[in-house]
Each structure stands twice: as C-alpha cells, then as structure tokens.
Amino acid sequence: MKGMVYLMVKAGIIGSTGYAGQELVRILLQHPEVEIVWYGSRSYIDKKYSEVFGNMFQIADNACMGEDIKELAECADVIFTATPQGFCSAHLCESFLGQAKVIDLSADFRIKDVKKYEEWYGIKHQSPKLIEEAVYGLCEVNREDIKGARLIANPGCFPTCTVLSIYPLAKEGLIDMDTIIVDAKSGVSGAGRGAKTANLYCEVNESIKPYGVCTHRHTPEIEDQLSYASGKDVVINFTPHLVPMNRGILATSYAKLKKELSYQEVKEVYDKYYKDEYFVRVLGENVFPETRWVEGSNFTDINFKIDKRTGRIIIMGAIDNVVKGAAGQAVQNMNIMFGFEENTGLKTVPLFP
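Residues numbered from 1 in each chain as written. Predicted model: local features only at pLDDT ≥ 70, side-chain atom pairs only at ≥ 80, totals over all residues. Heavy atoms only, no water.

A. Seen up close, the packing of aromatic side chains. Scanning all chains against the criterion turns up 13 aromatic pairs. Judged by centre distance (5.8 Å) and plane angle (90 degrees), the ring pair of Tyr 167 and Tyr 273 falls under edge-to-face. With Tyr 167 in helix α8 (residues 157-171) and Tyr 273 in helix α11 (residues 263-274), the pair connects residues that are 106 residues apart, well separated along the chain. According to the relative accessible area criterion, Tyr 273 is partly exposed, its value standing at 21%. Relative to Phe 352, the ring of Trp 293 has its centre 4.7 Å away and its plane inclined at 40 degrees; by these criteria the two rings are tilted. Of the two residues, Trp 293 is situated in the loop between β11 (280-282) and β12 (300-307) and Phe 352 in the segment after α12 (323-338); the sequence distance between them amounts to 59 residues. On the basis of relative accessible area, Trp 293 is assigned to the partly exposed category, the value being 34%. The structure contains a cluster of three or more aromatic residues connected by ring pairs, namely Tyr 263, Tyr 270, Tyr 274 and Phe 304. The positively charged end of Arg 281 is found above the aromatic ring belonging to Phe 299, 4.4 Å away from the centroid. (Phe/Tyr/Trp six-rings, centres within 6.5 Å; stacked < 30°, edge-to-face > 60°. Helix = DSSP H or I, 4+ residues; strand = E, 2+ residues; numbered from the N terminus. Buried < 20%, exposed > 50% of the residue type's maximum accessible area, 1.4 Å probe, protein only. Lys NZ or Arg CZ within 6 Å of the ring centre and 35° of its normal.)

Below, the structure written as structure tokens:
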C-alpha cells in the first residue's frame, strides 16, 4: 500500500466518458491536489477527450485509454470506476487494492447481502469476498470508516438524497419506520448517456412519468441504510419519476411521527446531525428545497413540514444527481481517504440560472 503522505494524488477514471465520469473529470481538473493520469473509456480509445466533450478543448486533450484496471492500478493512487453494474466486481481483486484505493460509483459493493444484490440487479456478483470490506461512502454518516478504507461503495443518487433527508429522524427513533413513503423526481441525466428511445427529447419533454414502480434498484439500498440508522428492518414504498430537466433530484418522503413534536424540536434534531456539515444545508422554516438551488454543486438541501392534522412529517431533499449523487460525493470520499479538507475542489457555488 502506498504511504499516507501524498504530494499529488494520481487519479484514474474508468468510464470517464459517461455523465458521472465527465463530471469527475470536471471536478478533478480543478482539484489542487490531484493529477488525472488515466481517462478510461470503452467507446473512445485513442480519441482525444476534448473531442468527446467540447467543453474540455485545450483543457483535457489527453487521449482516452481503455479499461485495464490492472495497468491502471500500477500508475494511480486512486481509481474511480464510473461503470455499469458488474464491471467493478468482475475486474477488481485483492492485489489491486494493495496498489490503489478504489471508489466504485456502481452498485456492486453497496449492498452487503449478495443474494439481495443479485435478485435486484439480475447479475451474479463476481467478487463477494470484497463486499464486507467495502465501506458505504455516505460521507456525513460513515466518515470515520471512510478514512481508513481501501474500497468505497459510492452511494446511489436517490439513496443519497433520501437517506440524508430522513437519517436524523430514523437515528433518533422519532418516526414509525413502517410508514415511510418516498416520492422522488429525477432529471434525465440519471438514466445515463447511453442511447435509449425512452430518453429522447420528444419522449421526455413536456411530460413526467413514474418508472421502476415497486422495482427500482435503489430501493434495497435505501432500505438497508435506513435499517442501519434505525436499528430495525425497514421496508419502504419508493417511486421515482422522470422529469424533463438535465440534472437534479427532489425526494419527498412521508412518515408517521411517533409522538407530537414542534417545528423547533425537529429542527434541533437536524441541527444536531448537520450543523457542522459543509455540504448539508437545512433550510429555514417554510423554505423548501428546489433543484435549481443545488445544480452543479455538492450540496444537499433539506427541510421538513409537520402535518399536525395527520400526525405525519413530510421530509424534502434536493441534490444534483451527477454531483452529490455521483461524482462530487466520490471526490468527497477521496478527500476523506487521503486526508484533505473535505470540501477541497468541491466549493463550486450552485449554478443559476
């Protein structure tokens, strides 16, 4: 294993030409402690990165390389795998982790139960022995475990938004975990960069639709994390929707309160967990999260409303699915692993308009 003192971290990205991969490049190019040494891509080998993404002209003119994780491990300190499910588990082995840290943006190591992973994702897990070692990289919750990790399972976008929104209430035992319903909206970038008829402009514009109803693969991930937080087995209803915007997730969750609480009492609970968290912003009373106020940033905006009439609490969260929901959180994990200030390279102010 390389030593813990780094003058300049050498980073390699496999899957650098997808949406999350390109966002990783954009962020890491502005990181003062990182040098990108590998722009991995299955589809664009030997093509200049700037020819794939015109915004990188005269910024990243390096040629795209392949997906040889063995060769990459020999020249990088950290490897980001922004790849489809199954790639990392099929190619990663113990020896590579002895050479470089790995941050996997797929779901391969997020779910500890192999059978559950295989059931929801429909593929066989190729390296189950590494699952136990993998640390779930929800930074605000698992920071101490992340510090010493070699393998990070970067959380999914919907789970990041949903779990951070609900976590304080689940941890403090203030809500009935059997009553949770999550209704979430996502921009089209969440579906990836691959060509799909359902994601064409004319199919998505001027419309909104539910998808993955009762079957979305992020469901077990959300349930697992809320189970760890609450100390009981959690089963939820989770319904995502596709909306005609490029980026952003808004997750609205509903749960029954175990007892009557005031706004101030709940606000104090959120402040207990998040008042010192740079990337979590608990908004003021009756100010509710909007995706436009987090776009392009690594922030999570959260708020809640108590419905005294029904005894329920409505919890809302907003993130940029490509940043905090993917690449930004991956860099946040890297910062923790290498001992950098957690917000290094991630201080971008949200874009507007």
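B. Quick peek at the sheet that holds strand β7 (residues 175-186). Spatially, the seven strands line up as an open sheet ordered β8-β9-β7-β10-β13-β12-β11, and their pairing is mixed. Unpaired on one side and paired on the other, β8 (209-210) and β11 mark the two borders of the sheet. Where β8 meets strand β9 (residues 237-242), two bridges bridge the pair, whose relative direction is antiparallel. Bridge assignment links Lys 209 to a residue of β9, and that residue is Leu 242. Of the strands in this sheet, β7, β9, β10 (249-257), β12 and β13 (312-319) touch α8, which is tilted by about 140 degrees from β13. Sitting on the sheet, α11 touches β11, β12 and β13, and the angle it makes with β12 is about 155 degrees. (Pairing = 2+ DSSP bridges. Contact = heavy atoms within 4.5 Å. Axes fitted to C-alpha atoms, helices over the stretch in contact; angles between N-to-C directions.)

C. Fine view of the pairing of β10. Of the pairings in the sheet, the one linking β7 to β10 comprises eight bridges and is antiparallel in character. Residue Asp 176 lies in a different strand from β10, and its bridge partner there is Lys 256. Pairing of β10 with β13 involves eight bridges; the strand directions are antiparallel. Bridge pairing links Thr 252 to Met 316 in β13.

D. Highlighting the sheet that holds strand β3 (residues 78-81). Taken in spatial order, the six strands line up as β2-β1-β3-β4-β6-β5 in an open sheet, and their pairing is parallel. A single partner strand is all that each edge strand has here, and the edge strands are β2 (34-40) and β5 (135-136). Two elements, strand β4 (residues 101-104) and strand β6 (residues 151-153), share three bridges in a ladder whose sense is parallel. The residue bridging Asp 104 from the neighbouring strand is Ala 153, located in β6.

E. The arrangement of the layout of surface pockets in detail. The space that makes up the largest pocket amounts to roughly 1500 Å³. Considering the residues around the largest pocket, the lining is formed by 48 residues, among which Gln 85, Gly 190, Ala 191, Gly 192 and Arg 193 are closest to the centre. Ranked by residue count, the leading element in the lining of the largest pocket is helix α1 (residues 19-28), at three residues. Each residue belonging to the lining of the largest pocket can be placed in one class, and the counts come to 17 nonpolar, 24 polar and seven charged. (1 Å grid on protein atoms, 1.4 Å probe; cavity = no way out; pocket = protein on both sides within 12 Å on 5 of 7 lines; lining within 4 Å. Points joined across faces, edges and corners; volume = space filled by probe spheres on them. Nonpolar A, V, L, I, M, F, W, Y, C, P; charged D, E, K, R; others polar.)

F. α8, seen in detail. With 15 residues, α8 extends 21 Å between its outermost C-alpha atoms, agreeing within 8% with the 21 Å of an ideal straight helix rising 1.5 Å per residue. The axis of α8 is deflected most strongly, by about 35 degrees, at Ser 165, and proline Pro 168 appears within four residues downstream. Across the 15 residues that make up α8, a large majority, 14, are buried. (Expected span 1.5 Å × (residues − 1). Bend = angle between axes of the 7 residues up to and from the residue.)

G. Summary view of the nonpolar core. Counting 41 residues, the largest nonpolar core has Leu 24, Leu 28, Phe 80, Ile 103 and Met 334 as its most contacted members. Listed by contribution, the elements that provide at least two residues to this core are β1 (9-14), α1, β2, α2 (49-52), β3, α7 (139-147) and α12. Considering every element that reaches this core, the biggest residue donor is α12, with nine residues. Among residues more than four places away in sequence, those in contact with Ile 103 are Val 78, Ile 79, Phe 80, Thr 81, Ile 152, Asn 154, Ala 330, Asn 333, Met 334 and Met 337. In terms of nonpolar packing, the next biggest core, distinct from the first, is built from 39 residues, Ala 170, Ala 229, Ile 306 and Ile 319 among them. (Core = buried A, V, L, I, M, F, W, Y, C linked by side-chain atoms within 4.5 Å.)

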